[in-house]
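The lines below spell out each chain.
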Protein chains: 2
Amino acid sequence: MQKQETLSKNQKIILDLIEKSDQPLKAYSILFDVKKKGINAPLQVYRALNKLVKIGKIHKIESRNAFIACKNSKCQIANATIFSICESCEDVTEIHDHKLSEHLRDFKDNKGMKYNKYNLEFFGLCKKCV
Amino acid sequence: MQKQETLSKNQKIILDLIEKSDQPLKAYSILFDVKKKGINAPLQVYRALNKLVKIGKIHKIESRNAFIACKNSKCQIANATIFSICESCEDVTEIHDHKLSEHLRDFKDNKGMKYNKYNLEFFGLCKKCV
DNA sequence: TAACGCTGTGTAATAATATAACATATTTAA
DNA sequence: TTAAATATGTTATATTATTACACAGCGTTA
């Protein structure tokens, strides 16, 4: 059974906003949007973001410095993420591909390194933008 | 036959510095180091970095905002990168794994997206840090 | 129930990363 | 040999993220 995290006020406000967007949001755009809810400083946003990332409710798109909600409602995974990113319209989609995930999970390098996390980003053109 | 790019003065200076380091360098640390060579402004560094990334001489470690030389001297690939990153000592190594690369190259999602690039970062603890 | 650890909040200041805008020079290709 | 493309230099500024400090709330435990 998964531990159900109790979110704090700021964490809820920010998760709520990110979940309502189907596309990644940037920290300062989040800040702008939550000012009306009494969140005034970047640090308040980053603290909530960090926590939400940590518990797998959202993911950071590293190449874009932006944050997207994890749609995989049941089993939040903070440590194994795959995204496709359209370089034209910037549309981002999380990919759930069992075979690929398995491959990445099982990957062993030749240096004896112990992995506990990976992040994969595919770039290209989506159907609309081809 | 691979086209041999001719690098400009600033590009050479900066590539040279990055190649001498076996670990990723950050833009402003590069800037600091090349001031003695007459490169004075962030933009001069970023311009060179962008070009070097584009032609595959260096790669950006997205999760670290840092740049590392591509050791794969013959066939610089700017569009298919795999790294392992130690979360303790921050050691970064580029991974060349034929099977995994093949898998990623051949990956097709179910949305008809056309990929031309990917970047994969593995995180964990290296031998020394376990 | 008092003391403690843990997590979260609020605020100000500042650090770190990256780009815009403008003027000019150099190289490449038609 | 002129036009296009690429590179340079400089100033200013935008964007992303963290440090430092003070304090509040909550559950544990001694």
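Our subject in this report is the structure included herewith. For clarity, every value in this text was computed on a predicted model and none was experimentally measured. (Residues numbered from 1 in each chain as written. Chains lettered and ligands numbered in written order. Predicted model: local features only at pLDDT ≥ 70, side-chain atom pairs only at ≥ 80, totals over all residues. Heavy atoms only, no water.)

As a further point, take the protein's contact with DNA strand C. Around DNA strand C, 16 residues are found, and the nearest of them are A:Gln44, A:Arg47, A:Lys51, B:Lys26 and B:Lys60. Close to the protein, within 4 Å, the atoms of DNA strand C are drawn from sugar and phosphate at a rate of 48%. One of the backbone N or O atoms of A:Asn10 is found 3.0 Å from a phosphate oxygen in DNA strand C. Taking B:Tyr46, its side chain carries an N or O atom lying 3.1 Å from a phosphate oxygen of DNA strand C. Considered class by class, the residues forming the surface near DNA strand C number 5 nonpolar, 6 polar and 5 charged. (Near = heavy atom within 4 Å. Polar contact = N/O pair within 3.5 Å; in protein donor to acceptor, adjacent residues only side chain to side chain. Nonpolar A, V, L, I, M, F, W, Y, C, P; charged D, E, K, R; others polar.)

In this assembly, 31 residues from chain A lie in contact with 31 residues from chain B. Interface area, chain A with chain B, both sides summed: about 3,000 Å², of which 65% is carbon and sulfur. When the buried area of chain A at its contact with chain B is split by residue, A:Phe107, A:Met113 and A:Phe122 rank highest and sum to 19% of it. As a salt-bridge pair, A:Lys117 and B:Glu87 come within 3.4 Å of each other at their nearest N and O atoms. Here chain A and chain B share 11 residue pairs in polar contact (both at pLDDT 80 or more) between them. Looking at the side of chain A that touches chain B, the elements that each hand over two or more residues are strand 3 (80–86), helix 4 (98–106) and strand 5 (114–125) of chain A. Tallied by class, the residues present in the side of chain A that touches chain B amount to 14 nonpolar, 8 polar and 9 charged. Two strands pair when backbone bridges link them, and strand 5 of chain A and strand 5 (residues 114–125) of chain B are joined in this way by 11 bridges, in the antiparallel orientation. Looking at the pairing, A:Lys114 lines up with B:Leu125 of strand 5 of chain B. (Contact = heavy atoms within 4.5 Å. Buried area = accessible area lost by both parts, 1.4 Å probe. Salt bridge = Lys/Arg side-chain N within 4 Å of Asp/Glu carboxyl O. Helix = DSSP H or I, 4+ residues; strand = E, 2+ residues; numbered from the N terminus. Pairing = 2+ DSSP bridges.)

Residues and elements named next belong to chain A. Located in the positive-phi region is Asn-65, a residue other than glycine, with phi close to 50°. For Glu-90, which is not glycine, the phi dihedral falls at a positive 65°. Tracing the chain through its elements places Glu-90 in the loop between strand 3 and strand 4 (92–94). Taking relative accessible area as the criterion, Glu-90 reaches 34% and is therefore assigned partly exposed. (Buried < 20%, exposed > 50% of the residue type's maximum accessible area, 1.4 Å probe, protein only.)

Right, let's talk about the packing of helix 1 (residues 9–20) of chain B against helix 3 (residues 42–54) of chain B for a bit. All names here are of chain B. The contact between helix 1 and helix 3 brings their axes to 9 Å, and the two run at 75°. Compared by their axis directions, helix 1 and helix 3 come out roughly perpendicular. Residues Asn-10, Gln-11, Ile-14, Leu-15 and Ile-18 of helix 1 form the contact with helix 3, whose participating residues are Gln-44, Val-45, Ala-48, Leu-49, Lys-51 and Leu-52. Looking at the contact of helix 1 with helix 3 residue by residue, the classes come out as 7 nonpolar, 3 polar and 1 charged. (Axes fitted to C-alpha atoms, helices over the stretch in contact; angles between N-to-C directions. Parallel < 35°, antiparallel > 145°, perpendicular 65-115°, else oblique.)

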